[in-house]
Amino acid sequence: FPFDWSPDGRFILYEKDPTELWVLPVSGDAKPYALIQTKTYDANARFSPDGRWVAFVSDETGRKEVYVTRFDHPGEKWPISTDVGNNPRWRRDGKELFYLAADSKLMAVQIKPGEKFDAGAPTALFKSDPLSPDYDVTADGQRFLFIASAPGNQRLPFAVILNWMADLKR
């Protein structure tokens, strides 16, 4: 299951199984390799905008938590969430990391740039729809896009339009 593509387009982060995060080099003859291999759940990995860091979710404490590790030297990791955390997303300049807490609050963590990873304390921004855990953040970190749940949790049709430019010419 793919999670993210590196900012330079050279690598894809993916889940080989629920306990392993792997890296797939996109070009050349390099082989895929493990970034994180544990006996616990590891998933939802995201590259930082500069490609140096990877935010991911692990349940090694018995509950899902957000961590960050170096992409080029995984092993050491820094906890981000102070309780349950899931679905990390980076602000485009890398100075903030967002995640969803157990109570569906969107949390923000300030990141100080530098050679060593340095993160502030999580701050709650707002409560999101608990049925819509997938989201994205604008480049400036000021707006968020969530997939809204349908009334009564019904399934609504979803259309993907291919070659839409051809329809504009009609």
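Right, let's walk through the structure included here. What you see is a predicted model, and the numbers here were worked out from it, not measured in a lab.

## Examining the packing of aromatic side chains
Thought 1: The tally for this structure, following the rule as stated, stands at 11 aromatic pairs.
Thought 2: Here the aromatic rings of Trp53 and Trp78 are separated by 5.6 Å at their centres, their planes lie at 85°, and the arrangement is edge-to-face. Of this pair, Trp53 sits in strand 6 (residues 53–58) while Trp78 sits in strand 8 (residues 77–79); the two residues are 25 residues apart in sequence, bridging distant segments of the chain.
Thought 3: Relative accessible area serves as the criterion here: at 6%, Trp53 is assigned to the buried category.
Thought 4: Exposure remark for Trp78: the relative accessible area of 16% places this residue in the buried category.
Thought 5: Through successive ring pairs, a cluster of aromatic residues spans Phe98, Phe126, Tyr135, Phe144 and Phe146.
Thought 6: Above the face of the Trp22 ring, Lys16 is positioned so that its terminal group lies 4.0 Å from the ring centre.
Thought 7: Over the face of the ring belonging to Trp53 we find Arg70, whose NZ or CZ atom lies 5.0 Å from the ring centre.

## Overview of the pattern of salt bridges
Thought 1: If you walk through the whole model with that rule in mind, you get 12 salt bridges.
Thought 2: Between Asp93 and Arg91 there is a salt bridge, with its nearest N and O atoms 2.8 Å apart.
Thought 3: Residue class for Arg91 comes out buried when judged on its relative accessible area of 12%.
Thought 4: Ionic contacts of the salt-bridge type, sharing partners, join the residues Arg52, Arg70, Asp72 and Glu115 into one network.

## Brief notes about the nonpolar core
Thought 1: With 15 residues, the main nonpolar core has Val68, Ile80, Trp90, Leu97 and Phe117 as its most contacted residues.
Thought 2: Of all the secondary-structure elements, those providing two or more residues to this core are strand 6, strand 7 (65–70), strand 10 (96–101) and strand 11 (105–112).
Thought 3: Counting 14 residues, the second-largest nonpolar core is a separate cluster that includes Leu13, Ala43, Phe47 and Phe71.

## Overview of the sheet that holds strand 7
Thought 1: Spatially, the 4 strands line up as an open sheet ordered 5-6-7-8, and their pairing is antiparallel. Of all strands in the sheet, those with a lone pairing partner are strand 5 (42–47) and strand 8, marking the two edges. Within this sheet the neighbouring strands show an average axis-to-axis angle of 30°, counted without direction.
Thought 2: Sheet topology note: the strand 5/strand 6 ladder contains 4 bridges and is antiparallel. Following the sheet pairing, Ala43 is matched in strand 6 by Val57.

## Points about the sheet that holds strand 4 (residues 33–37)
Sheet strands pair via backbone hydrogen bonds, and the direction of the pair is either parallel or antiparallel.
Thought 1: Taken in spatial order, the 4 strands of this open sheet run 1-2-3-4, and their pairing is antiparallel. Each edge of the open sheet carries a strand with a single partner, namely strand 1 (2–5) and strand 4. Shown here is a sheet whose adjacent strand axes are inclined to one another by a mean of 25°, direction ignored.
Thought 2: Across 3 bridges, strand 1 lies against strand 2 (residues 11–17) in antiparallel orientation. By the bridge assignment for strand 2, Pro2 is matched with Tyr14.

Reading guide: rules and limits
Residues numbered from 1 in each chain as written. Predicted model: local features only at pLDDT ≥ 70, side-chain atom pairs only at ≥ 80, totals over all residues. Heavy atoms only, no water. Phe/Tyr/Trp six-rings, centres within 6.5 Å; stacked < 30°, edge-to-face > 60°. Helix = DSSP H or I, 4+ residues; strand = E, 2+ residues; numbered from the N terminus. Buried < 20%, exposed > 50% of the residue type's maximum accessible area, 1.4 Å probe, protein only. Lys NZ or Arg CZ within 6 Å of the ring centre and 35° of its normal. Salt bridge = Lys/Arg side-chain N within 4 Å of Asp/Glu carboxyl O. Core = buried A, V, L, I, M, F, W, Y, C linked by side-chain atoms within 4.5 Å. Pairing = 2+ DSSP bridges. Axes fitted to C-alpha atoms, helices over the stretch in contact; angles between N-to-C directions.

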